[in-house]
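Residue-level listing of the chains:
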Amino acid sequence: TRFWTYVGDDEHPLTVFDFTLSRERDGPAAFLKRYSGAIQADGYSAYDGIALSGNNPRGGCWAHARRHFHDTEKTAPPVHYAEVMARIGRLFAIERDIKERLESIAKQQDIPLVGADADAVRLEIRQERTIPELAALRHFLDEQKKEALPKSPWGQAVNYALNQWDDLSLFTTLGCLAIDNNVAERSLRGIALGRKNWLFVGSPQGGHTAAILFSVLASCKRHEVEPWTYLRDVLQRLATPSSSEELRQLLPHRWKPSPATK
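Residues numbered from 1 in each chain as written. Predicted model: local features only at pLDDT ≥ 70, side-chain atom pairs only at ≥ 80, totals over all residues. Heavy atoms only, no water.

**Digging into the overall build of the protein**
Point 1. Along its length, the protein carries 12 helices and four strands.
Point 2. Projected onto its principal axes, the C-alpha coordinates of the protein cover approximately 70 × 50 × 35 Å.
Point 3. Counting the 262 residues in the protein, one finds 40% classified as buried.
Point 4. Sequence-distant contacts, at least 24 apart, represent 58% of the contacts inside the protein between residues at least 6 apart.
Point 5. Per element, the accessible surface of the protein, about 15900 Å² overall, is 55% carbon and sulfur.
Point 6. Averaged over its 34 positive side-chain charges, the protein has a centre that lies 5 Å from the centre of its 33 negative ones. (Helix = DSSP H or I, 4+ residues; strand = E, 2+ residues; numbered from the N terminus. Buried < 20%, exposed > 50% of the residue type's maximum accessible area, 1.4 Å probe, protein only. Contact = heavy atoms within 4.5 Å. Areas by Shrake-Rupley, 256 points an atom, 1.4 Å probe, with all protein chains shown as cover. Lys, Arg positive; Asp, Glu negative; His and termini not counted. Charge placed at Lys NZ, Arg CZ, Asp CG, Glu CD.)

Structure, rendered in structure tokens:
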């Protein structure tokens with residue numbers, strides 16, 4: 001069995017979990033069948049067909065690529081290891097500068113900078129600073145591929161990055177993408193810790209119910225909403241008929257507590 005997590009962007013600020021009985025691509029393919037847009041994920045092959053079957057450009061994850069190199073610390077040529085880690089480090093340093101820039105603009109305007117405006121800032125800085133860094137790193141890795149043993153840990157790390165290169169570079173042309181998918185990885189941490197306590201979901205229906213509850217909890221946490229207060233209020237409101245627009249207003253990022261809840 002497997003829980004999949006889907007973290008929405010600024011315009012869709014919810015974190016949603018899905019439950020499947022296997023790790024096969026059928027699960028994500030079914031969940032995303034009506035979705036058209038960018039997808040950001042690690043190099044797991046189950047995502048390949050989803051990106052190729054529709055208008056879904058796939059962004060890679062530099063945290064995963066970096067991890068492959070980090071795992072070769074004791075076996076890789078020390079000079080080469082240090083250089084590639086430093087070059088990847090500079091990519092992340094640029095992203096930290098971008099975050100500070102967005103926070104500075106938001107402070108000046110007294111409102112968060114999100115959506116297309118934030119994407120434009122990211123693209124401008126990445127075009128100026130990230131693309132040259134990526135070009136230099138690509139040249140370095142191409143040279144390493146000529147020398148590294150393909151089945152060695154170092155050779156496998158080099159090949160992983162080169163095989164994923166188009167995906168790993170997509171964030172320089174799509175400002176909505178991040179440099180990694182760590183936010184999705186972090187959303188799974190609660191499940192990874194909790195499964196030592198509950199071990200089983202009991203049944204497929206239990207798995208789907210758990211996914212719904214995880215979605216509510218994760219989305220509440222994302223928007224700093226107290227989950228028990230939220231659930232109690234929403235369940236009481238659902239006891240009376242509501243229009244589709246009224247139901248949308250009950251989503252965690254739009255929810256306003258009723259007077260009786262305060």
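Text resumes after the structure shown.
**Here's the deal with the confidence of the model for the protein**
Point 1. Considering every residue of the protein, the mean pLDDT works out to 89; 95% of them sit at 70 or more.
Point 2. Taking the mean pLDDT of every element in the protein, the minimum, 56, falls on helix α2 (residues 48-53) and the maximum, 96, on helix α6 (residues 153-163). (pLDDT = per-residue confidence, 0-100.)

**Quick look at unusual backbone geometry**
Point 1. One non-glycine residue, D110, adopts positive backbone phi at about 65°.
Point 2. On the secondary structure map, D110 appears in the loop between α4 (78-109) and α5 (115-147).
Point 3. Overall, the relative accessible area of 68% leaves D110 in the exposed class.
Point 4. Even without being glycine, E224 reaches a positive phi, approximately 55°.
Point 5. By relative accessible area, which is 76% here, E224 ends up exposed.

**Some remarks on the nonpolar core**
Point 1. Of all hydrophobic cores here, the largest spans 27 residues; its most connected members are W62, F69, V84, I88, L137, L141 and W154.
Point 2. Secondary-structure elements contributing two or more residues to this core are α3 (62-70), α4, α5, α6 and α7 (165-169).
Point 3. Dropping the residues within four chain positions of it, F69 is found in contact with Y81, V84, M85, I88, L141, W154, A157, V158 and A161. (Core = buried A, V, L, I, M, F, W, Y, C linked by side-chain atoms within 4.5 Å.)

**Overview of the environment of Q144**
Point 1. Of note, Q144 is situated in helix α5.
Point 2. Placed 11 residues apart in sequence, Q144 and G155 show a C-alpha to C-alpha distance of 7.9 Å.
Point 3. Non-local contacts of Q144, meaning those with residues more than four positions away in its chain, are made with H80, W154 and V158.
Point 4. Within the structure, Q144 has its side chain in polar contact with the side chain of W154 (distance 3.0 Å). (Polar contact = N/O pair within 3.5 Å; in protein donor to acceptor, adjacent residues only side chain to side chain.)

**Looking at the packing of aromatic side chains**
Point 1. Taken as a whole and assessed by the stated rule, the structure comprises seven aromatic pairs.
Point 2. Residues F69 and W154 carry aromatic rings whose centres are separated by 5.4 Å and whose planes lie at 65° to one another, so their mutual orientation is edge-to-face. Taken together, the residues span a long stretch of sequence, with F69 in helix α3 and W154 in helix α6 at a distance of 85 residues.
Point 3. We classify W154 as buried; its relative accessible area is 5%. (Phe/Tyr/Trp six-rings, centres within 6.5 Å; stacked < 30°, edge-to-face > 60°.)

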